[in-house]
Every structure is written in C-alpha cells, then in structure tokens.
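Chain by chain, the residues:
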Amino acid sequence: MSNKKKKQKKLAKKLLHKYRLVILNEDTFEERFAIKLTRLNVFVIMSLSAIVLIVLTTILIAFTPIREYIPGYSSTKLKKEATNLNFKTDSLQQVITMNEQYLESIKRVLKGDVATVEFNKDSIIKAAEQEAIEYNLNPSREDSLLREKVNKEDKYNLFESATSKVNFVLFPPVTGTISESYNVKEKHYAVDIVVAKGTPVKAAADGVVVLAEWTTQTGYVVIIDHGNGLISAYKHNASLTKEQGDLVKAGEVIAISGDAGELTTGPHLHFELWTDGYPIDPTTFIDFE
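Keep in mind it's a predicted model, so treat the numbers as computed, not measured.

Chemist: How do you make sense of the pattern of salt bridges when you look at a structure like this?
Modeler: If charged atoms from side chains of opposite charge come close, those side chains can pair. All chains considered together, the criterion is met by 3 salt bridges. Ionic pairing is found between K235 and E272, a salt bridge with its closest N-O pair at 3.0 Å. A residue pair is termed long-range when its members are at least 10 positions apart, and K235 in strand β8 (residues 230-240) and E272 in strand β11 (residues 268-275) qualify at 37 residues. The class for K235 is buried, based on a relative accessible area of 3%.

Chemist: Would you explain a nonpolar patch on the surface in this entry?
Modeler: Taken together, the side chains of L11, L15, L16, L40, F43, V44, L48, I51, V55, I59 and F63 make up a nonpolar region of the molecular surface, amounting to roughly 1,100 Å² of accessible area. Every element with two or more residues in the nonpolar patch is listed here: α1 (2-16) and α2 (39-63). Ranked by residues supplied to the nonpolar patch, first place goes to α2 with 8 residues. Considering the arrangement of structural elements, one finds L40 in helix α2.

Chemist: Whenever I open this one, the nonpolar core confuses me. Can you help?
Modeler: As a rule of thumb, soluble globular proteins bury nonpolar side chains together. Ranked by internal contacts, the top residues of the largest apolar core, which has 35 residues, are I223, I224, Y234, I254 and F271. For this core, the secondary structure elements donating two or more residues are α3 (76-111), β4 (191-194), β6 (207-215), β7 (219-227), β8, β10 (253-257) and β11. For F271, the residues in contact, after removing those within four places along its chain, are P173, A190, V191, I193, A204, S232, A233, Y234, P282, I286 and F288.

Chemist: What am I meant to see in the pairing of β6 here?
Modeler: Put simply, side chains in a regular strand alternate between the two faces of the sheet. In the sheet, β6 pairs with strand β9 (residues 247-248) via 2 bridges, with the strands oriented antiparallel. If you follow V208 over to β9, its bridge partner there is L247. Bridge analysis of β6 against β7 gives 7 bridges, and the strand direction is antiparallel. Bridging across to β7, A212 finds its partner in V222. The turn joining β6 and β7, which pair antiparallel and follow one another in sequence, is formed by 3 residues.

Chemist: Explanation requested: the packing of aromatic side chains in the structure shown.
Modeler: Scanning the model with the defined rule gives 4 aromatic pairs in all. Where Y189 meets W274, the ring centres are 5.8 Å apart and the plane angle is 65 degrees; that geometry is what we call edge-to-face. Highlighted residues: Y189 in the loop between β3 (177-180) and β4 and W274 in strand β11, separated in sequence by 85 residues. Here Y189 matches W274 in class, with each residue buried. Judged by centre distance (5.9 Å) and plane angle (65 degrees), the rings of F271 and F288 are edge-to-face. Here F288 lies in the segment after β12 (278-280) and F271 lies in strand β11, a separation of 17 residues in the sequence.

Reading the values: the criteria
Residues numbered from 1 in each chain as written. Predicted model: local features only at pLDDT ≥ 70, side-chain atom pairs only at ≥ 80, totals over all residues. Heavy atoms only, no water. Salt bridge = Lys/Arg side-chain N within 4 Å of Asp/Glu carboxyl O. Helix = DSSP H or I, 4+ residues; strand = E, 2+ residues; numbered from the N terminus. Buried < 20%, exposed > 50% of the residue type's maximum accessible area, 1.4 Å probe, protein only. Patch = residues over 30% accessible without salt bridge, like charges linked within 9 Å, V, L, I, M, F, W, Y side chains within 5 Å. Areas by Shrake-Rupley, 256 points an atom, 1.4 Å probe, with all protein chains shown as cover. Core = buried A, V, L, I, M, F, W, Y, C linked by side-chain atoms within 4.5 Å. Contact = heavy atoms within 4.5 Å. Pairing = 2+ DSSP bridges. Phe/Tyr/Trp six-rings, centres within 6.5 Å; stacked < 30°, edge-to-face > 60°.

Quick look at the structure:
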C-alpha cells in the first residue's frame, strides 16, 4: 500500500515538476523568451490543440466545397443533374405510356374490337318530354327581345354573320359501287367499295398518317388522324405511298388499291370512319358513286 502511494506521489511529482523553456540569441546568448511548463500543462495543451484541429477540419469538410474532392462525398452539381435527369425520365415515361395507349386504341380500331352504344330512341324522346313538362319553357320578355334582335341581324346581315360549323369537308377516297355497307350487328364498321386493281386511294381530309404498315388479314393499311377526334382507315391496299408521320392533304394519293390480305374477296377498298373512338357510317358524309 505504501509502495502504491509512493508511486502515485512520484507520478504526480513528475507531472507537476516545472521546466523552463528558454529561447536564446545564438550569438550573444541573450535570453529572448522564457516560459515555465510542466508535463501536465504540455499534455493538456496538446490535447486541446488536437481537439480544436479535429473540429476545424470537420467543419471545413462538412460546410465547404472542399468535401467534393474527398472520396465518398458526392458533388452538389452532380446531385442537381441527377435530379433533373430524374424529372426528365419521369416525363418521358409518361409520354411513352400515352403513346402506348394511343397505339393500343389504333390496334383495337384495326381489329374492330370496339363496342357500339345503342340508344333507345323512344325512351330518350319520353325523357325529353318529361323534362319539358317539368320546366317552364315560355320565353321571357328579355328572351323575346333578344330573339327579335337576332332575327333582324340574320335578315339584313346574312353573309356577314353566317359562319360555318364544319372545319373540313370529307372527300371520297375512291369512287365505285359499294359491295358491303356499314353494319353494326355484323361488326362491319366500314363500307367496301369495288374498284379496279391499281386505283389511286386518296385521303378523305387533311391529317397526319398515324399508321402505315402491312397486316396479314387486311394487307397494306393506312390510318389518318384528321384532328377533332376523327380517324379514317384504308385497308386491303396493294401498296402505300405515304409513311407514318407524313402530313397529307385532302385528295392526296396515299395508297394503291388491291386485294391484299386474307379477308379480301377481290379488288376493293375497305374504308372506315371513327370519331372519338366510335365507328360512324361513311355514307352519311361521303358519296362514293
């Protein structure tokens, strides 16, 4: 026990033993600077210096651009570029999804896999009559004055005020005899026009070619998007003169008629009209004879 106490006193004496650090002029041995130190003071000062140095280095690395030069730290510029690329990738993915949906709808048009909606005419008329009974349809004084004003404008300014509600006119792609008419019950959403082989097939209206390719059942097919939800399809062609993405004008030759495909029975044009995803009878708008 006494030896242990002696060792502790000896260690404390060593730590607290004072030393003098003197800086002398080498030529004159003049004392220029002197300081008293102990081993304990030296240890404390070195420990504090090391801690301060570590803290300063950490702050310098964490809050300054210097950290970008240290392996393992990412660059701020690279993070921004990665974020922008992520946004662009997401936008491109949305565009691809929309294009896939559009092409899928075009495929359904080609296959004729579209359900038609049948309306009960009598029920619609009855419902309209019922609504007319429920509401007071007698014109008010203001309504009568407005109608009178409009009638006068129509009477004296016919050509100035009249405007067309139709943005385009549909032209017959070919002229000939209709061998098979539009028939919803048999899912024949088109008219078949008998023409001589090699007859030019023309665009029914201005638009963009969204599909121009060969199919086993219908031969060479052209589909044109005319805008406003209107699409026209031309099937059983022998060859095509337009490609996907081409702009076409009304009456411009887009294909040469033939009897290509497994579902043909002779030279003819299979012509379809679709509006907002529903088939319509082309003979309602076009005279093929």
